[in-house]
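An overview of the molecular structure
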Amino acid sequence: MKLFKDILGRIFLSQYENDIKLKVRISLFYVCFLLIVFACFRLLFCLVYPDAFASLSFLEKLKAFAFGLRFDINIVGIFVGYFIAAMFLPIADKQKLLIKIFTVLMTISTLVILLFLCGDFFYFPQVRRHMSEEIIMAYMEKGLIIRYAFENYWHILLVLFGGVLLLIRAQFKFINKRFLISANPKLSLFKSLGIFLCVGCALFLSVRASFGDRAINPNQVFSMTNSFESAQLMLNGVFTQYQFLMGVDRQNEINQYPFDKAVKNAQKLLLSENEIIADENYPLMRRNKNAKKFENYNVVIILLESWTPYYIDSLNDSAGRGMAKFKVTSNFDAIVRDSIVFSNAYANGLGSLFGISASLTGIPLMPGMVYNANSIDATAKKTALADEFNKRGYFTMFAQSDNRESMQMADLAKNMLKFQESYGLEDIPLKRKYENDIPTGYDFEMLDFAAQKAAAARKKARPFFMYLFTGSTHVPFFSTTKEFEKYPADSMENKYLNTLYYADKAIGNFMDIAKKEGYFDDTIFIFMADHTQGYTRSLNGVLERFRIPFIIYAPKILQPKNIKWTVSQSDLMATIYHIMNFDGDFSDIGVNALDESANHFALLNDGANIILIDGSDYIRHNRETAAESSLNAETERFQTMQENLLSLDKAITGVFKKNKWYK
């Protein structure tokens, strides 16, 4: 009983130190400091990437700065608000221990915010929006990113970490000096609780717009503006990444389009006149019902890291008019002249994972699927293109110039996607002496290695199927050798052009071996970029940001021509099935890119948004409302495209969730 009374006395009768002023000062410091940091980064975006916001007037930018405070306050509340609230708990702290602990935690949170803001700032030119889903891919490639950050931005990291230590030291000094001064008189428990509740309410309101509203989310930005550029200026990268991570498990549930109706619409869009649904229990799995004699061609797919039409003279619309000739892709330009060229081809996303998944498995990863996929999702069965070739006695091989562990692709290719052999950087011997160790690998050696493997298969009278992923043109564009310094390495663009020049020579060497070893005439070479390169040049607008090179080079087999209808990486599997006359089943959110009568479109992932491109028209959608479109929302064309977009998204995510993608 005595112990019980003693506890009650300590809780209800004790007087608590009146350190409120000190706590308020510390709290206001962190809140104001972080709000100023967010404002400074917005200003940096405007100054460093002016073309991204060129369409906005001064007043619109000012409005974005003002409205952006709402999203900044939300992140401040989430990252430091809880520590502030905990600091105001009515707990005796005579040794100043708790207040110092929470000060350190707030300082660490501030560092985390700064690191996320820096990452978002440097990544912005690649995608022309704030990071969201990319945070998952960044985690998967954390080793490369950490190495890259320390090698190229060590001075920034040094300043950040040094600043954190100095801030902690200054705060401790401030606390030691001010704590005793502010400690009298003492407050009762009830007054302390009242202050704590007020702080808690302020924290709650920082996360939610009001007591009755749900937590603030990125879609609410479009209630403030109908401009995508203005929305990007209002938002901040920490907010978009945090919101994606917190909502990743329910990303696919946002789309309320009826699943059964979505599947039927998707089937109408995907099925050509000579295809059927192979099994009604697998609603997106198709079969070529008119498959004729199997064509015994070799097939080589080369996925090109960050190749962008603007820098390829034969694909740059202005190059022919003497405006932009970079002269770094002479071998590829010669190939283009004798190829089937898809002049309106689009990447399914702005990261390598999207390109690999769409082109190799036929699955365009929708928002939320990257997290669940963990690379290309070992939990759901999918079409193994290599296995179709395996059944017909082909030699099948996957190779990437990057490390085997990059996106776990080397293991996935062999164990899940059924390639007989798979290789990465560690497996490929160097033939040249390079100026730098290139973490993403060496295109010349990788393609030369693959060419020799193809020659060996040829000598054994075995046809072959290869999927090869280059990497030397990956940011930060390391120098290779003096031989390939076409331009002075004094800018990001020139460094990229030099790596492009090197990669082009590697392709030229690959083709020379193919001709020398005698397998050129009966091989179909398919070149496709994984995504565009945004670091070196401003890529504005949906069409420009996602448009990639995509060509089929087989002059002895397929007649060269220029195809102008919309295609994407997702069309690759269906196209190969029809060229080769496979009679097997396949699941693919794409159509035969060579079939003029098919419904041609491109379904894209843009972070938390999805995009549908059809001809020159497009719709960007957040699964609740259209965020941007080239069409008037009142037109029938808009309504049809919106329905098609939501149908495809719902069908993919719903079928995938039910594990009914492929039998």
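Every chain's residues receive numbers from 1 upward, in the order its sequence appears when written. Totals for whole chains, interfaces and linings use all residues, but because this is a predicted model, local features are given only for residues with pLDDT of at least 70 and pairs of side-chain atoms are given and counted only at 80 or more. No hydrogens and no water enter the side-chain calculation; it runs on all heavy atoms of the structure.

**Some points on the pattern of salt bridges**
Opposite charge on two side chains allows them to pair when their charged atoms are near. Filter applied, for reference: When a carboxyl oxygen of Asp or Glu lies within 4 Å of a side-chain nitrogen of Lys or Arg, that pair is called a salt bridge. A run of H or I in DSSP becomes a helix once it reaches four residues, and a run of E becomes a strand once it reaches two; helices and strands are each numbered from the N terminus. Residue exposure (1.4 Å probe, protein chains only): buried if accessible area is under 20% of the type maximum, exposed if over 50%, otherwise partly exposed.
Considering all chains together, one arrives at 21 salt bridges under this definition. With a shortest N-O distance of 2.9 Å, D427 and R404 are connected by a salt bridge. Remark: R404 occurs in the loop between β6 (395–400) and α16 (409–415) and D427 occurs in the loop between β7 (421–423) and α17 (443–459); sequence separation between them is 23 residues. A residue is classified by how much of its surface remains accessible, and R404, at 23% relative accessible area, is partly exposed. A cluster of three or more residues bridged by salt bridges with shared partners is formed by E388, K391, R392 and D583.

**Details of unusual backbone geometry**
Cis geometry is found at the peptide bond from V475 to P476, where omega equals 15°. Within the chain, S306 stands out as a residue other than glycine whose phi angle is a positive 65°. Secondary-structure assignment places S306 in the loop between β3 (298–304) and α12 (330–337). Phi at A461 is positive, roughly 60°, even though this residue is not glycine. With respect to the secondary-structure elements, A461 resides in the loop between α17 and β8 (464–469).

**Digging into the pairing of β3**
To keep things clear, this is the line we draw: Any two strands with at least two DSSP bridges between them are considered paired.
The buried count for β3 comes to 7 of 7 residues, which makes it a mostly enclosed element. Neither face of β3 is left uncovered, since the one carrying N298, V300, I302 and L304 and the one carrying V299, I301 and L303 both have all their residues buried. Taken together, the 7 bridges between β3 and strand β9 (residues 523–529) define a ladder with parallel strand orientation. The partner of N298 across the bridge, within β9, is T523.

**Some thoughts on the packing of aromatic side chains**
Let me state the cut-off plainly: Stacked, edge-to-face and tilted labels apply to pairs of Phe, Tyr and Trp rings (six-membered ring for Trp) whose centres lie within 6.5 Å, assigned for plane angles under 30 degrees, over 60, and everything in between, in that order.
A complete count under the given rule lists 41 aromatic pairs for this structure. Judged by centre distance (5.0 Å) and plane angle (50°), the ring pair of Y311 and F326 falls under tilted. Of this pair, Y311 sits in the loop between β3 and α12 while F326 sits in the loop between β3 and α12, and the two are 15 residues apart along the sequence. Here Y311 falls in the buried class, since its relative accessible area comes to 1%.

**Regarding the side chain of D530**
As a reminder, the rule being used: By the criterion applied in these results, polar contacts are pairs of N or O atoms within 3.5 Å in which, for protein atoms, one can donate a hydrogen and the other can accept it, and in which residues neighboring in sequence qualify only through two side-chain atoms. What makes two residues a contact is simply this: any of their non-hydrogen atoms within 4.5 Å.
If you trace the backbone, D530 turns up in the loop between β9 and α19 (542–546). For D530, the side chain forms a polar contact with the side chain of S352, separated by 2.6 Å. Engagement of the side chain of D530 in a polar contact is seen with the side chain of H531, the distance being 3.2 Å. Among residues more than four places away in sequence, those in contact with D530 are L303, L304, E305, S306, A347, G349, G351, S352, G355, F469 and Q569.

**Overview of the sheet that holds strand β12 (residues 561–563)**
Definition in use: Here an angle of 0 to 180 degrees is reported between the N-to-C directions of two axes, which are lines fitted to C-alpha atoms, with helices fitted over the stretch in contact.
Strand order in the open sheet made by the 8 strands is β7-β6-β8-β3-β9-β11-β4-β12, with mixed pairing throughout. Each end of this open sheet is capped by a strand with a single partner; those strands are β7 and β12. Between one strand and the next, the sheet's axes are offset by a mean angle of 10°, whatever the strand orientation. Of the pairings in the sheet, the one linking β3 to β8 comprises 5 bridges and is parallel in character. Counterpart to L303 in the pairing with β8 is F469. The sheet contacts of α17 involve β3, β6, β7 and β8, and relative to β8 the element is tilted by about 175°. Against the sheet, helix α18 (residues 492–516) engages β3, β8, β9 and β11 (550–553), with an angle of about 170° to β9.

**Re the packing of α17 against α18**
Test applied: Convention used here: angles under 35 degrees read as roughly parallel, angles over 145 as roughly antiparallel, angles from 65 to 115 as roughly perpendicular, and any remaining angle as oblique. Left-handed describes a crossing in which the near helix is turned anticlockwise from the far one by less than a right angle; the clockwise case is right-handed. Any residue that is not Ala, Val, Leu, Ile, Met, Phe, Trp, Tyr, Cys, Pro, Asp, Glu, Lys or Arg is counted as polar, Gly included; the first ten are nonpolar and the last four charged.
At a minimum axis distance of 8 Å, the contact between α17 and α18 shows a crossing angle of 15°. Between α17 and α18, the angle is such that the two are roughly parallel. Where α17 crosses over α18, the two elements pack in a sense that is right-handed. Here D443, F444, E445, L447, D448, A450, A451 and Q452 of α17 come into contact with α18, specifically with Y502, A503, A506, I507, N509, F510 and I513. Per-class residue counts for the contact of α17 with α18 are 10 nonpolar, 2 polar and 3 charged.

**Here's the deal with the pairing of strand β17 (residues 617–621)**
With respect to burial, β17 is a largely interior element, 5 of its 5 residues being buried. Pairing of strand β16 (residues 609–614) with β17 involves 5 bridges; the strand directions are antiparallel. In the sheet register, D614 faces β17, and the bridge partner there is D617. From the end of β16 to the start of β17, which pair antiparallel, there are 2 residues, and G615 there has a positive phi angle of about 70°. Of the pairings in the sheet, the one linking β17 to strand β18 (residues 626–629) comprises 3 bridges and is antiparallel in character. Paired with H621 across the strands is A626, a residue of β18. Hairpin remark: β17 followed by β18, antiparallel, with 4 residues in the connecting loop; positive phi at R623, about 80°.

**As for the nonpolar core**
In summary, soluble globular proteins display a tendency toward joint burial of nonpolar side chains. Let me state the cut-off plainly: For this analysis, a nonpolar core means a set of buried residues of the types Ala, Val, Leu, Ile, Met, Phe, Trp, Tyr and Cys, connected via side-chain atoms within 4.5 Å.
Within the largest apolar cluster, 132 residues are counted, with the highest numbers of intra-cluster contacts made by F332, L468, F527 and I576. Counting 52 residues, the second-largest nonpolar core is a separate cluster that includes L35, I75, F88 and C118.

**A closer look at the environment of T532**
Looking at the secondary structure, you find T532 in the loop between β9 and α19. Assessed through its relative accessible area of 0%, T532 is described here as buried. When the C-alpha positions of T532 and V127 are compared, they lie 8.9 Å apart, and in sequence the two are 405 residues distant. The contact partners of T532, leaving out residues within four places of it in the chain, are Q126, S306, W307, T308, L350, L539, E544, R545, F546, R547 and I548. A distance of 2.7 Å separates the side chain of T532 from the backbone oxygen of R545, its partner in a polar contact.

**Remarks on the sheet that holds strand β15 (residues 602–606)**
One open sheet accounts for 4 strands, arranged β15-β16-β17-β18; its pairing is antiparallel. Each edge of the open sheet carries a strand with a single partner, namely β15 and β18. Adjacent strand axes in the sheet meet at a mean angle of 20°, parallel and antiparallel pairs treated alike. For β15 and β16, the ladder comprises 5 bridges, and the chain directions are antiparallel. Across the sheet, the residue bridging to D606 is N609, located in β16. In the packing of helix α21 (residues 636–657) onto the sheet, contacts are made with β15, β16, β17 and β18, and the angle to β17 comes to roughly 55°.

**Regarding the environment of R547**
Examined against the element boundaries, R547 turns out to sit in strand β10 (residues 547–548). For the pair formed by R547 and T308, sequence separation is 239 residues and the distance between their alpha carbons is 7.6 Å.

**What to know about the packing of helix α2 (residues 20–48) against helix α4 (residues 97–127)**
Across the interface, α2 lies against α4 with an axial gap of 11 Å and an inter-helix angle of 5°. With respect to α4, the axis of α2 lies roughly parallel. On α4, the residues touching L22, K23, I26, Y30, F33, L34, V37, F38, F41, L44, F45 and V48 of α2 are I99, T103, M106, T107, T110, I113, L114, L117, C118, D120, F121 and F124. Of the residues assigned to the contact of α2 with α4, the class counts are 19 nonpolar, 3 polar and 2 charged.

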